Structures are given as C-alpha cells and as structure tokens.
Amino acid sequence: MNKKSIYKFCPVCRGDFIKKQLIQNEPERLVCKACKFIFYLDPKLVACTIAETSKGIVLQRRNKEPKKGHWVLPGGFVDRGETLEEAAKREFFEETGLHSKINCLLGTYSYPGEANIIIVYKSDITGGTIRACHESMSIDEFKKNEIPWDQLAFDTTKKALKKYIDLAIPPF
Ligand SMILES: [Zn+2]
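Predicted model only: the values in this text are computed from it and were never measured.

1. Points about the overall build of the chain
Consideration 1: Tallying secondary structure elements over the chain gives two helices and eleven strands in all.
Consideration 2: If you list the helices and strands of the chain from N to C, you get β-β-β-β-β-β-β-β-α-β-β-β-α.
Consideration 3: Counting only C-alpha atoms, the chain reaches 60 × 30 × 30 Å along its principal axes.
Consideration 4: Residues classed as buried in the chain amount to 35% of the 172 residues present.
Consideration 5: Long-range pairs, those at least 24 residues apart, make up 60% of the contacts in the chain with a sequence separation of at least 6.
Consideration 6: In the structure as shown, the chain presents an accessible area of about 10800 Å², 52% of it carried by carbon and sulfur atoms.

2. Notes on the coordination of the zinc ion
Consideration 1: With distances of 2.3 to 2.4 Å, the protein atoms coordinating the zinc ion are C10 (SG), C13 (SG), C32 (SG) and C35 (SG).
Consideration 2: One way to put it: the four donor atoms around the zinc ion meet at angles of 99 to 115 degrees, and that makes the site tetrahedral.

3. Some details on the packing of aromatic side chains
Consideration 1: What the rule picks out here adds up to four aromatic pairs.
Consideration 2: With a centroid separation of 5.9 Å and 40 degrees between ring planes, the pair formed by F17 and F39 is classed as tilted. With F17 in strand β1 (residues 17-20) and F39 in strand β3 (residues 38-39), this residue pair connects regions lying 22 residues apart in the sequence.
Consideration 3: An aromatic cluster is defined as three or more aromatic residues linked by ring pairs; in this entry it consists of Y7, F17, F37 and F39.
Consideration 4: Taking NZ or CZ as reference, K44 lies 4.7 Å from the ring centre of F77, over its face.
Consideration 5: Of note, R131 hangs over the ring of F93, and the distance from its end group to the ring centre comes to 5.4 Å.

4. Considering the sheet that holds strand β10 (residues 116-128)
Consideration 1: In space, the four strands of this open sheet follow the order β8-β4-β10-β9, with mixed pairing throughout. Two strands close off the open sheet at either side, each with one partner strand: β8 (75-77) and β9 (98-109). Between one strand axis and the next, the sheet turns by 25 degrees as a mean value, whatever way the strands run.
Consideration 2: In terms of strand pairing, β9 meets β10 through ten bridges, oriented antiparallel. Paired with C104 across the two strands is K122, which belongs to β10.

Cut-off values and rules
Residues numbered from 1 in each chain as written. Predicted model: local features only at pLDDT ≥ 70, side-chain atom pairs only at ≥ 80, totals over all residues. Heavy atoms only, no water. Helix = DSSP H or I, 4+ residues; strand = E, 2+ residues; numbered from the N terminus. Buried < 20%, exposed > 50% of the residue type's maximum accessible area, 1.4 Å probe, protein only. Contact = heavy atoms within 4.5 Å. Areas by Shrake-Rupley, 256 points an atom, 1.4 Å probe, with all protein chains shown as cover. Donors = N, O, S within 2.8 Å, 3.2 Å for Na, K, Ca; no water. Tetrahedral: all angles 85-135°; square planar, octahedral: opposite > 155°, others 65-115°. Phe/Tyr/Trp six-rings, centres within 6.5 Å; stacked < 30°, edge-to-face > 60°. Lys NZ or Arg CZ within 6 Å of the ring centre and 35° of its normal. Pairing = 2+ DSSP bridges. Axes fitted to C-alpha atoms, helices over the stretch in contact; angles between N-to-C directions.

Put into structure tokens, the structure is as follows:
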C-alpha cells in the first residue's frame, strides 16, 4: 500500500481503520479497530479490445481526465461476477456501438503501485454502427501506419498497439 488510503471508516460497522501488517512480508492492511474487519485493497480489472474495421483499428478519444483528449483502446472495468470476455465485449459495444467476438488474448499489463490490471483482447467486429458514448469525444479508425503514437493516453495503450502491429501477419 504505497499510496495514502482514501478509506477512513469500516464499511461493516463505521469503526475507525488502523493500518496493520498481519502477515510477515505482506503489505499493511486496513483493519477495523471495532469489529476487526480486514479491508483488502484488491486490484481492479480492466478489459480492453483491439479490433479493426475495414478502415482501421478502433480507438476512442477520452472525454475525461486523466489524459482527456488522448486516444485509448475501448474498454472498462470488469463487474464482479462477469467474465473477462463478456466485460470486454460489453465495454466495446457500450463505447463504440460495435459488436465483437473475441479472437485471442493479446496481453496483460500491470504496474507496481497501480490498482488497475489491464487485459487486452484481439477481437473481430461482427456488426453494429460506430457511435461515440458520453465517455468519448470521438471514435475513430486508424490504419497501422497512422496510429497517433504521441497522443495515446497510457503506457498500456502504446504497448498493446505495438504488440498487435508487430504480431500482425502480412498482408494487412
Ligand atoms: Zn468494523
């Protein structure tokens, strides 16, 4: 737990938390002083999709901070109880208006001190019509030689696109 915790009170009994190392070599945990509830700060899963129309790879231009105005792979948080694949397809449809079918796992990305773990699938588009949702300024399609490398939002966006392009088998 590198960053200061944003949680002050126990969600079970509203008691105060203290930070305590419960097991050697494990991070400190938030423990409720009153009821002893342990609040594990688990990672958050994000499922993203790389897919191409006949015009190119579908990217979404962020309409919110951080990195407002920069391009990302369409994706979002996995709901508890949802499969990764369903989450990727759902988020891709919500954000682009396009239906998709998972082709393969492209990569998984995680970073020290960061909560998000990002899973990127390579998918095929099976239908729908492109439309931007409220989280996007726009949705656009990019040929592999037209990727806006200096306007991509995150490390994962760059790494996944690079891997996708390097793996692509000609002709493309
Ligand atoms: Zn409590």
